[in-house]
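If you want the building blocks of each chain, they are given just below.
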Amino acid sequence: MKRLEFRSDTMTMPTQAMRDAMRDAPVGDDVCGEDPTVGRLEAMAAEILGKEAALFVPSGTFGNQCAIRTHTKLGDEVIASELSHIVDHEVGAAAAISGVQMRAVRPASCDWLTVDDIAPRIRVSGDIHEPDTGLILLENALALGTVMPIAAMHGVYSLARRHGVPVHLDGARIFNAALALCIAARRIAACADSVQFCLSKGLGAPAGSMLCGSADFIRRARKIRKMMGGGMRQAGVLAAPGIIALTAGVARLHEDHDNARLLARLLSEIPGVSIDPARVQINMVFCRIEKEGKNEQGLVDFLKARNILTYDPSWWGIRFAISREVNVNDVRALASAVAGYME
Ligand SMILES: *Cc1c(COP(=O)(O)O)cnc(C)c1O
């Protein structure tokens, strides 16, 4: 029986085209700026996001932390959502690497930080006791499958600019967000000074992320990347599949969103499965089990016994991640297995 992979879009395997590109990529020492394939990937990423320059980094966490270190100085305060990846899933790296104080804020009214959440927390008094607000962090495809609207991003960015505070966007899934908002990714990127996005998730590359920003910012980030141990030598073998991720990977992403919506619809038809289809905006489908004698862990175990994989439930319920690894038939197979459990 085929194993159905709904754990994460990081589980996407490199395509044959990617493996061919890895084998044939022209390479050089990228620390010396001599790898033509890395150079091509960086130029493409900068162009697509409408930024002056880009930097190839080993992971999304690396890109975010390299950005934080580049933007801030020791003791600065960094405003971020309490639910963000940087606060919740990056091992305390901002404290360990950049020596900054995270001002982790729970969004008061929706899934993302609004101007009302951020404005009162920007330090303006000049009081000798207070840390300086060094950076504001945004995330646009959020942990619960929703997307920060572009108007909300504009609002935060103009607030930040009024106070001279830079904005970094953790845009791990920026192309999913752009699809959901029906706009070009560069319009999202225009609401931040720097942007990190992952090649290694739904876009399908085996590894790597891009950090994009102004030429001066990327020049400084390149040195920080070296300090953090991310100067990779013949990295063109990893950049080559990244180029395919940025082209063919982006071009097919809508299939994942279609499959996510299909799954949401099929699940919503099963009695006892609680799901809000309006919140299925990217390639993530969240649901809860609300039926006497049934529970979320029970469902996950039931699916696992049938070779259908998803992570154990968490405070948000069960998450099914859609990627190139699963097709329409797999989505239907998952839905009918869920229906089988709920009988
Ligand atoms: C996955 C992810 C990252 C980090 O990516 P890694 O490559 O796993 O380090 C950062 N932010 C968000 C929102 C993510 O989903």
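Residues numbered from 1 in each chain as written. Predicted model: local features only at pLDDT ≥ 70, side-chain atom pairs only at ≥ 80, totals over all residues. Heavy atoms only, no water.

Undergrad: Can you explain the overall build of the chain? Please cite residues and give values.
TA: Broken down by element type, the chain carries 14 helices and 12 strands. Dimensions of the chain, computed from C-alpha atoms along their principal axes, come out at roughly 60 × 55 × 35 Å. Every one of the 343 residues in the chain was classed for burial, and the buried ones make up 53%. Across the chain, the fraction of contacts at a sequence separation of at least 24, relative to all contacts at a separation of at least 6, is 75%. For the chain, the exposed surface amounts to about 14700 Å²; the carbon and sulfur share of it is 53%. Distance between charge centroids for the chain: 2 Å, based on 38 positive and 39 negative side chains. (Helix = DSSP H or I, 4+ residues; strand = E, 2+ residues; numbered from the N terminus. Buried < 20%, exposed > 50% of the residue type's maximum accessible area, 1.4 Å probe, protein only. Contact = heavy atoms within 4.5 Å. Areas by Shrake-Rupley, 256 points an atom, 1.4 Å probe, with all protein chains shown as cover. Lys, Arg positive; Asp, Glu negative; His and termini not counted. Charge placed at Lys NZ, Arg CZ, Asp CG, Glu CD.)

Undergrad: Now, about the site of the ligand: what can you tell me, with residues and values included?
TA: Looking at the ligand, the residues that line it are Ser-59, Gly-60, Thr-61, Asn-64, His-85, Glu-90, Glu-139, Asp-170, Ala-172, Arg-173, Cys-198 and Lys-201. For the ligand, whose accessible area on its own is 380 Å², the fraction buried by protein is 82%. The element contributing the most residues to the shell around the ligand is helix α3 (residues 60-71), with three residues. Of the residues assigned to the shell around the ligand, the class counts are two nonpolar, five polar and five charged. (Near = heavy atom within 4 Å. Nonpolar A, V, L, I, M, F, W, Y, C, P; charged D, E, K, R; others polar.)

Undergrad: Account for the sheet that holds strand β10 (residues 284-289), with residues named and values stated.
TA: Judged by pairing direction, the sheet is antiparallel, and its three strands sit side by side in the order β9-β10-β12 without closing on themselves. Each edge of the open sheet is held by one strand with a lone partner, namely β9 (273-274) and β12 (318-321). The pairing of β10 with β12 spans four bridges and is classified as antiparallel. Bridge pairing links Cys-287 to Ile-318 in β12. Sitting on the sheet, helix α12 (residues 253-268) is in contact with β9, β10 and β12, with an inclination near 15 degrees to β10. (Pairing = 2+ DSSP bridges. Axes fitted to C-alpha atoms, helices over the stretch in contact; angles between N-to-C directions.)

Undergrad: Can you tell me about the domain arrangement of the chain, naming the residues and giving the values?
TA: Domain boundaries assigned for the chain yield domain 1 (16-251) and domain 2 (252-342). Across the contact, 21 residues belong to domain 1 and 15 residues belong to domain 2. Counting each side, the surface lost to burial between domain 1 and domain 2 is near 1600 Å², with a carbon and sulfur contribution of 58%. Three residues, Leu-144, Gly-145 and Asn-176, lead the burial of domain 1 against domain 2; their summed loss comes to 31% of the area buried on that side. At the surface where domain 1 touches domain 2, the tally comes to one salt bridge. (Domains from an automatic or database assignment. Buried area = accessible area lost by both parts, 1.4 Å probe. Salt bridge = Lys/Arg side-chain N within 4 Å of Asp/Glu carboxyl O.)

Undergrad: Would you mind going over the sheet that holds strand β6 (residues 167-170) in detail, with residue names and values included?
TA: With mixed pairing, the seven strands of this open sheet are ordered in space as β2-β8-β7-β6-β5-β3-β4. Each edge of the open sheet is held by one strand with a lone partner, namely β2 (53-57) and β4 (101-105). With strand direction ignored, the average angle separating the axes of adjacent strands in the sheet is 20 degrees. Where α3 meets the sheet, its contacts fall on β2, β5 (133-139), β6, β7 (194-198) and β8 (209-213), and the angle it forms with β7 comes to roughly 170 degrees.

Undergrad: Describe the packing of aromatic side chains, listing the residues and the values that go with them.
TA: For the structure shown, the criterion picks out five aromatic pairs. Ring geometry for Phe-175 against Phe-197: centres 5.3 Å apart, planes inclined by 90 degrees, an arrangement best described as edge-to-face. Taken together, the residues span a long stretch of sequence, with Phe-175 in helix α8 (residues 174-181) and Phe-197 in strand β7 at a distance of 22 residues. For the pair Phe-175 and Phe-197, one class covers both residues: buried. Aromatic side chains Phe-302 and Tyr-341 sit 5.3 Å apart centroid to centroid with 55 degrees between the ring planes, which places their arrangement in the tilted category. Residue Phe-302 is located in helix α13 (residues 296-305), and its partner Tyr-341 is located in helix α14 (residues 328-342); the two are separated by 39 residues in the primary sequence. Residue placement shows Lys-294 over the ring face of Tyr-341; its charged tip is 4.8 Å from the ring centre. (Phe/Tyr/Trp six-rings, centres within 6.5 Å; stacked < 30°, edge-to-face > 60°. Lys NZ or Arg CZ within 6 Å of the ring centre and 35° of its normal.)

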